Number of protein chains: 8
Amino acid sequence: MDDRNFETIQTPDFDRRRRRLFGETVYGEGKGAGALKTCIETMLEREGEVLVTRLDEEKFNDLGKLRERLDYDATSRTAVVKKKAPSLGTVAVVTAGTSDIPVAEECARTLEYFHVNFKRIYDIGVAGIHRLFSKLDDLREADVIVVCAGMDGALASVVAGLVENPVIGVPTSIGYGAAFQGVAPLLGMLNSCAEGVTVVNIDNGYGAAYAAAQIVATLYGKSK
Amino acid sequence: MDDRNFETIQTPDFDRRRRRLFGETVYGEGKGAGALKTCIETMLEREGEVLVTRLDEEKFNDLGKLRERLDYDATSRTAVVKKKAPSLGTVAVVTAGTSDIPVAEECARTLEYFHVNFKRIYDIGVAGIHRLFSKLDDLREADVIVVCAGMDGALASVVAGLVENPVIGVPTSIGYGAAFQGVAPLLGMLNSCAEGVTVVNIDNGYGAAYAAAQIVATLYGKSK
Amino acid sequence: MDDRNFETIQTPDFDRRRRRLFGETVYGEGKGAGALKTCIETMLEREGEVLVTRLDEEKFNDLGKLRERLDYDATSRTAVVKKKAPSLGTVAVVTAGTSDIPVAEECARTLEYFHVNFKRIYDIGVAGIHRLFSKLDDLREADVIVVCAGMDGALASVVAGLVENPVIGVPTSIGYGAAFQGVAPLLGMLNSCAEGVTVVNIDNGYGAAYAAAQIVATLYGKSK
Amino acid sequence: MDDRNFETIQTPDFDRRRRRLFGETVYGEGKGAGALKTCIETMLEREGEVLVTRLDEEKFNDLGKLRERLDYDATSRTAVVKKKAPSLGTVAVVTAGTSDIPVAEECARTLEYFHVNFKRIYDIGVAGIHRLFSKLDDLREADVIVVCAGMDGALASVVAGLVENPVIGVPTSIGYGAAFQGVAPLLGMLNSCAEGVTVVNIDNGYGAAYAAAQIVATLYGKSK
Amino acid sequence: MDDRNFETIQTPDFDRRRRRLFGETVYGEGKGAGALKTCIETMLEREGEVLVTRLDEEKFNDLGKLRERLDYDATSRTAVVKKKAPSLGTVAVVTAGTSDIPVAEECARTLEYFHVNFKRIYDIGVAGIHRLFSKLDDLREADVIVVCAGMDGALASVVAGLVENPVIGVPTSIGYGAAFQGVAPLLGMLNSCAEGVTVVNIDNGYGAAYAAAQIVATLYGKSK
Amino acid sequence: MDDRNFETIQTPDFDRRRRRLFGETVYGEGKGAGALKTCIETMLEREGEVLVTRLDEEKFNDLGKLRERLDYDATSRTAVVKKKAPSLGTVAVVTAGTSDIPVAEECARTLEYFHVNFKRIYDIGVAGIHRLFSKLDDLREADVIVVCAGMDGALASVVAGLVENPVIGVPTSIGYGAAFQGVAPLLGMLNSCAEGVTVVNIDNGYGAAYAAAQIVATLYGKSK
Amino acid sequence: MDDRNFETIQTPDFDRRRRRLFGETVYGEGKGAGALKTCIETMLEREGEVLVTRLDEEKFNDLGKLRERLDYDATSRTAVVKKKAPSLGTVAVVTAGTSDIPVAEECARTLEYFHVNFKRIYDIGVAGIHRLFSKLDDLREADVIVVCAGMDGALASVVAGLVENPVIGVPTSIGYGAAFQGVAPLLGMLNSCAEGVTVVNIDNGYGAAYAAAQIVATLYGKSK
Amino acid sequence: MDDRNFETIQTPDFDRRRRRLFGETVYGEGKGAGALKTCIETMLEREGEVLVTRLDEEKFNDLGKLRERLDYDATSRTAVVKKKAPSLGTVAVVTAGTSDIPVAEECARTLEYFHVNFKRIYDIGVAGIHRLFSKLDDLREADVIVVCAGMDGALASVVAGLVENPVIGVPTSIGYGAAFQGVAPLLGMLNSCAEGVTVVNIDNGYGAAYAAAQIVATLYGKSK
């Protein structure tokens, strides 16, 4: 065997935009610098835009010259090249605490890349529930609400019990031992006593943004 | 203490319709006949309609005369009294196998109660994937797709990878031992390789209907 | 060996009252009718009072004549013979839903047996959070608050975030599949984002009453 | 977007002291140096005091000049600025082994910050149970007992079986493989055969202190 | 195929006594009446003795005439035909509560069948630890101690910390929800802070007896 | 809605034989008598043969006249109508104990239905390992070996370490508490120290037969 | 004791080739450089060939001169010295994504070492299912198919539902939080709704290759 | 508070030798260099001997001059100062593979410290079962057998099925993903199909040695 760089073997799904409205994106975790460069460059060539998620600062720094073309954000660990287009709708991106912000920012950056408007409503967890009530109008005006919360994940239930809008819960891996890296808020949200909460994987801000963007696209005529 | 029938103590949330668009419903599991009757009668009096879920045939039969007023369905274990109103939108309610149908029917009956149109697309699991492809147009025309699947729950991923619409996964408790009463499809759906799938609790057809109805209501002007 | 009725072999802890303020009680689960009768009669003879927990109606009916001496309650599955004594303090016994009431009643009956006052505040879960706010004064006036909740267990967090008093959470085995018979609310309460919540075992209304009574006894001079 | 330092966005709960007797504190884990500084300085400005928990030595050293104002302790990983005030009551802070001490010290430092007296009773686990009996008077004189134990967590049961006082168990993440980072003592304490033990999250010395302080405050007239 | 009674196909291990000192026994669970009869009769014919474990009363009653030859005990769910032989050594069979007695009795009956002496020390759990201290001499005089305990399983640790003898722990499936059918005491015993405790499967009184008998046989010259 | 017998809605995969060599079969669990009858009759009409698995005796008796056409076996809970055809290859179906036989028989009956020869080698578990060695030639002569074992599942490892043939492990739900309904042998087989063991779901004799039949079909020219 | 290098004590199974067709191999994880060298040199001396798996680049670099004799590949973490021999059959090695490639390459390199032909079919996961259909002929022509997939593991089900060949699933430890390091795809594959999928341990490309090679050897006359 | 070196607060159990035959030992994990030195020096002063377990090489190197007095072994991570005394009995310390040796060596070193003879029988796992049979006489001659095994842990069952002696299983944290750091062999050994196996915690070579030494002490008159 001559060349063993098998990680660069890829079958990008360039048909995805046609089928699913939003195009292929790049998941940074577990990819080497070479594989990442190939991925990003192929996307830029074919699609003229790219979203890279789970891209640690260290890995970003390994991308060399390519860095200059990318809008990188360390909190959300995302890099973006985005086409110009009008943004639609409004998604409220909510967190219970400040430690949930990196997950919320992955969500926010993905929404931005998908040309969906969003507003940040951070650190309004139920330990001080007056903070939530002071934001209730903002929450009710959104088309969709994404709630990022660790520990007991109770914020998703409480928010959902107060609004008409679809609520998507993102359990985060924040909490002491018996949170089990996000299992506690995952179970909490799946068992939300306020009906209608749907849930994505632990720390999956990207997936929540995707689902929220699909609802917004449905709402505004899929005109993207 | 004279009367210890504490199970009939209740604080129904009659404000829910104002806050959340859809009114309070009745969860049948764990309630005795007396508590159920009180619940249902209060709802009928105050709201003129009622949806009871998780109502086993045996329990339904304990309701006496009240049975005559209720439209009961044994498959979905639901009883309904519904006001007349035009129905909106379309939700595709999908199952992988025939054993998932009771969960799907709980979803369908709830949608019906919420005045949301739906179509049944049953028994199209990925073991015979041509069945799914033959229904692709039906799936794509829906506003929202609810996928009920046990075992590996793979149908949610495959459907989501082929459509633009929001997909809500309902893991069911169907499967051999290592399905662990729905844990396998729950994890499968939370880890769907097609992005955008959101998930509700195991066997929770009601919750999926609620979330789907919220999206439909958003889409059609919350005019309900 | 002649007589193999080993289940009647017992070493009741008649020293417990001296050491622990409250005396030995009888746990009904897993005991046969013979063993139960011996237990109850010994307690009545030695202590003049008895509390039996986890006593199903069927088992109670097997107790024959002894039934006449016992104050039995089917909801809480408890039987009581209680000495007269003034009651002290106030414990608020709270539930999220109506299905949590049997657990709350086990707590209430145990408090009553320990001569501690209590008030029931039932069915005020966060799905309709206004119900909780309307009871806030009652909650704040109590010496201790016991919160019984299944599903996401979020009520414990929300209550604790609003009050000064000690809050004891009792997760209940109520909920759809991924509640895993009380695991979801157990983890939720252990990870409460409002500090200070302490937790007892799933469905353990008795244990919560014991802990609450200890605090009340501390507060009122252990004068019992 | 110009400034992406979203982690410094915060909504501190300055109303907490009014509502909950004890004010907002700072959780150090998962916060960067910038966020921490902002947090601590805001607290000092507004409240004149601060408690930071889960603050590793390395992170403390990143705080620059601010370090001079803080009383830092590496064992408990806490930093404190505390107002003068008389201390009330007595909490016995107990450990089974020496490895449980960091958790116990987080508890002790929090009690100190809340102006609650405490005494350390360390390394008296049931493997050498005479050590526990020699401290029984100390235990019985306390208003509340906090037991920190890993492995089998059996100390909580044994202590609770010998005293009248409220006992709060803190399972620690100490032990060989099948302790599963604190799951074994967590389950042990939740299943304590001596009634009345309440439990907080794994390694959550802070939470135990909070609950104990609430009881003490109740006891001494909430005069803090 | 003519005869499908495949459950009666068996390959009893009649060589076991030669290899392992104690002969083959019969596990009653999951065997039909026919299979059981064949088993028991073959054993009686070949070995002149038999021990049947996990034999519910109902199943015993299905054995017809064979019942007359068997010494049946409902508490331990065992049936025995035993050869005469002198008994050796002493095993202390201990329980924490009365609900653990059926497991302890399975252990006791198995020891009896293996011609090992035993004494019952029941209901001495750590909730009332003075009961244990009053039996300490009995415990210390035994060759081996078997401790059967559910809930927190703490008794195994406490006993082992006080004696020189080998201690075998048998976790039982007794306890409220978070005991998870014996998982809590299993983990507690595996993590015993007193060294030297070895553990068998949940409710496995038979296995503990086997291990204890092997130690006794080793001690008394394997003369059985 | 007039007719709510939704469970009879089915989309049988009649294309399966073409695609997968073996045709559609009927899974009996969770289907009512009506649904079962429709299923079986459709299969008989279209394919002239049928295999029903997980068919309890009670359910079989509900099938009325249809029973006369079916070859039913209670141990394996299967009903069969089979076309005549020569059988190919040899699969050794092995069990560790007698309690594993129902699972093994589900496997055997499925192989028979697929026209694959098999031999039963039952009750040769490693507790008496000489029984296994006496069958080694039989094992080595088979084309594939299916090992059904509960408890520790060790038989799969030991067999695989002695032979050249493919070994498929079927963990069974047999065992005391910590077997957790088949989890222990499932993990044991997945971690087999003899390489090459592949594993199917707990108690899934049918799935093991399917996989074995695929290998045999590959071997004998897929001539079925 | 003089020399404590106990890790070099080994009992290699040189009889394995005779018994099992394929010889002993070397598992690199958890072995020090000294132990590894001894192992590899013994194998080369006795067998003239060697396969080392789980050999990190760092560890390979510790092997000094021995490196020159080994064909090392960093992606699969394997080192090989291979005898010349004709290769037989064809195994399709498939991955769902690019992150699964290291596991697939461990499989491929093992097949190569066992003189079995293979073809790589990478990155054809069900999120873009057209990629799978375009490879269907390649899949159908193989003797065995090995599917490596993380996240939901759904690819194994979908592939198996379309082909006649034996399908072996390898769950990989790829995915967000609730994939639990491979548990989600493991359960997914064990519960595959397409029958006949057998499964090996998480990330166990080597084990899948072993099982596939056994089937190929069976097919081509075990002529190796 | 002046001095916060709380880790040096200790209550060593110097009464242990009297009560339990073997004295207090030092567990190295989680202790800082200062605490370790204090511990070791106190033991040497009071008892004239010491056993330190779980002492990584790095930590050992932090002990400064004290190192010269200690007999350190990196494989078992133990340091010993041992009094002269005759050794008694024989324990066979067995491993399935070479990766289990560190755990076995912790056992061996502990036995040596307790003046119990032992023989090493390493790398005889059931994948090549002839290796085990060639050591059967050695195994049968031992007073106790300790089996250390990871992966499926099957060696414990197989050994126990062949001998009369007490067998203690030590599951090790060796294995691919689904071994879950020792859970698979732990469950395997708890479910051993050969009766009489008792089990200690994962990787707990020290605990197994303690239990084995207790049996040997019993056997040889507790004359130590």
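Above this note sits the structure.
Caption draft 1: Fine view of the overall build of chain A. Assigned secondary structure in chain A consists of nine helices and nine strands. The C-alpha radius of gyration of chain A comes to 18 Å, within 12% of the 17 Å expected for a compact globule of 224 residues. Along the first, second and third principal axes, the C-alpha set of chain A runs to 60 × 45 × 30 Å. Considering chain A as a whole, with its 224 residues, one finds that 65% of them fall into the buried category. Contacts in chain A between residues far apart in sequence, at least 24 positions, make up 68% of those at least 6 positions apart. For chain A, the accessible area works out to roughly 7100 Å², and carbon and sulfur atoms hold 46% of it. Across chain A, the 26 positively charged side chains and the 31 negatively charged ones have centroids separated by 5 Å.

Caption draft 2: How the structure looks around the pattern of salt bridges. Applying the stated criterion across every chain yields a total of 118 salt bridges over all chains. Across the pair Arg54(D) and Glu106(D) runs a salt bridge, and its minimum N-O distance is 2.8 Å. On the criterion of sequence distance, the pair formed by Arg54(D) in the loop between strand 2 (50-53) and helix 3 (57-61) and Glu106(D) in helix 4 (residues 101-113) is long-range, its members being 52 residues apart. Classification of Arg54(D) by relative accessible area gives buried; the value is 9%. Measuring nitrogen to oxygen at the nearest pair gives 3.0 Å for the salt bridge that ties Arg16(E) to Glu24(E). The same class applies to Arg16(E) and to Glu24(E), which are both buried. Salt bridges linked by common partners bring Asp13(A), Asp15(A), Arg16(A), Arg18(A), Arg19(A), Arg20(A), Glu24(A) and Glu195(B) together as one network.

Caption draft 3: Region of interest: the environment of Thr75(B). Checked against the element boundaries, Thr75(B) lands in the loop between strand 3 (71-73) and strand 4 (78-81). You can call Thr75(B) buried: its relative accessible area is 16%.

Caption draft 4: View of the relation of the copies chain H and chain D. At an RMSD of 0.0 Å, chain H and chain D line up after a rotation of 90 degrees and a shift of 0.0 Å along the axis. Interpreted geometrically, this transformation is the action of a four-fold axis. Residues of chain H ranked by C-alpha distance from the rotation axis are headed by Phe180(H), positioned 7.5 Å from it.

Caption draft 5: Molecular detail of the interface of chain H and chain E. Each partner contributes residues to the interface: chain H has 36 residues there, and chain E has 36 residues. With both sides pooled, the region where chain H packs onto chain E buries about 3100 Å², and carbon together with sulfur makes up 49% of that total. Applying the counting criterion to the chain H and chain E interface returns four salt bridges. Taking the shortest distance from any N to any O, the salt bridge between Glu195(E) and Arg20(H) comes out at 3.3 Å. Applying the counting rule to chain H against chain E returns 22 residue pairs in polar contact (both at pLDDT 80 or more). Secondary-structure elements contributing two or more residues to the side of chain H that touches chain E are helix 1 (16-20), helix 8 (183-190), strand 9 (198-199) and helix 9 (205-219) of chain H. Considering each element in turn, the side of chain H that touches chain E owes the most residues, eight residues, to helix 9 of chain H. Among the residues forming the side of chain H that touches chain E, the class breakdown is 17 nonpolar, 10 polar and nine charged.

Caption draft 6: Looking closely at helix 9 (residues 205-219) of chain D. All names here are of chain D. Between its first and last C-alpha atoms helix 9 spans 21 Å; for 15 residues at 1.5 Å apiece the expected length is 21 Å, and the two agree. Where burial is concerned, most of helix 9 is hidden: 14 out of the 15 residues are buried. Positive phi shows up at Gly221, right after helix 9, with a value of about 80 degrees.

Caption draft 7: Fine view of the sheet that holds strand 1 (residues 26-27) of chain H. Residue and element names in this part refer to chain H. The strand order 1-2-4-3 describes an open sheet built from four strands, whose pairing is mixed. The sheet is open, and its two edges are formed by strand 1 and strand 3 (71-73), each paired on a single side. Note: strand 2 (residues 50-53) against strand 4 (residues 78-81), three bridges, orientation antiparallel. Looking at the pairing, Leu51 lines up with Val80 of strand 4. In this fold helix 2 (residues 33-47) packs onto strand 1, strand 2 and strand 4, with an angle of close to 155 degrees to the strand it touches most, strand 2.

Caption draft 8: Molecular detail of the packing of aromatic side chains. For the structure shown, the criterion picks out 60 aromatic pairs over all chains. Between Tyr27(A) and Tyr176(G), the aromatic rings sit 5.7 Å apart at their centres with planes inclined by 45 degrees, giving tilted as the arrangement. Of this pair, Tyr27(A) sits in strand 1 (residues 26-27) while Tyr176(G) sits in the loop between strand 8 (167-171) and helix 8 (183-190), placing the two residues on different chains. Assessed through its relative accessible area of 21%, Tyr27(A) is described here as partly exposed. Aromatic pair Tyr113(C) and Phe114(C): ring centres 5.8 Å apart, planes at 45 degrees, arrangement tilted. The exposure classification of Tyr113(C) matches that of Phe114(C), with both residues buried.

Caption draft 9: Quick look at the relation of the copies chain H and chain E. Of the transformation superimposing chain H on chain E, the axial component is 0.0 Å and the angular component is 180 degrees, with the fit at an RMSD of 0.0 Å. In short, the pair behaves as if placed about a two-fold rotation axis. Comparing interface residues between copies, 100% of those in chain H also lie at the interface in chain E; the contact surface is shared.

Caption draft 10: Spotlight on the interface of chain H and chain D. Each side of the interface is counted separately: chain H has 24 residues, and chain D has 23 residues. Inspection of the region where chain H meets chain D yields zero salt bridges. Contributing elements (two or more residues each) for the side of chain H that touches chain D: helix 1 and helix 8 of chain H. Considered class by class, the residues forming the side of chain H that touches chain D number nine nonpolar, four polar and 11 charged.

Caption draft 11: Fine view of the sheet that holds strand 3 of chain B. Residues and elements named next belong to chain B. Spatial strand order, 1-2-4-3: four strands in an open sheet with mixed pairing. The open sheet has two free edges, formed respectively by strand 1 (26-27) and strand 3, since each of these has just one partner strand. Strand contacts of helix 4 (residues 101-113): strand 2 (50-53), strand 3 and strand 4, with the helix running at about 10 degrees to strand 4, the strand carrying the most contacts.

Caption draft 12: Region of the structure containing the arrangement of the chains. Where chain A comes nearest to chain E, the C-alpha atoms are still 13 Å apart, and the two do not contact one another. Note that chain A does not reach chain F: the shortest distance linking a C-alpha of one to a C-alpha of the other is 21 Å.

Conventions adopted
Residues numbered from 1 in each chain as written. Chains lettered and ligands numbered in written order. Predicted model: local features only at pLDDT ≥ 70, side-chain atom pairs only at ≥ 80, totals over all residues. Heavy atoms only, no water. Helix = DSSP H or I, 4+ residues; strand = E, 2+ residues; numbered from the N terminus. Rg over C-alpha atoms; globule rule 2.2 N^0.38 Å. Buried < 20%, exposed > 50% of the residue type's maximum accessible area, 1.4 Å probe, protein only. Contact = heavy atoms within 4.5 Å. Areas by Shrake-Rupley, 256 points an atom, 1.4 Å probe, with all protein chains shown as cover. Lys, Arg positive; Asp, Glu negative; His and termini not counted. Charge placed at Lys NZ, Arg CZ, Asp CG, Glu CD. Salt bridge = Lys/Arg side-chain N within 4 Å of Asp/Glu carboxyl O. Least-squares fit on C-alpha atoms with pLDDT ≥ 70 in both. Buried area = accessible area lost by both parts, 1.4 Å probe. Polar contact = N/O pair within 3.5 Å; in protein donor to acceptor, adjacent residues only side chain to side chain. Nonpolar A, V, L, I, M, F, W, Y, C, P; charged D, E, K, R; others polar. Expected span 1.5 Å × (residues − 1). Pairing = 2+ DSSP bridges. Axes fitted to C-alpha atoms, helices over the stretch in contact; angles between N-to-C directions. Phe/Tyr/Trp six-rings, centres within 6.5 Å; stacked < 30°, edge-to-face > 60°.

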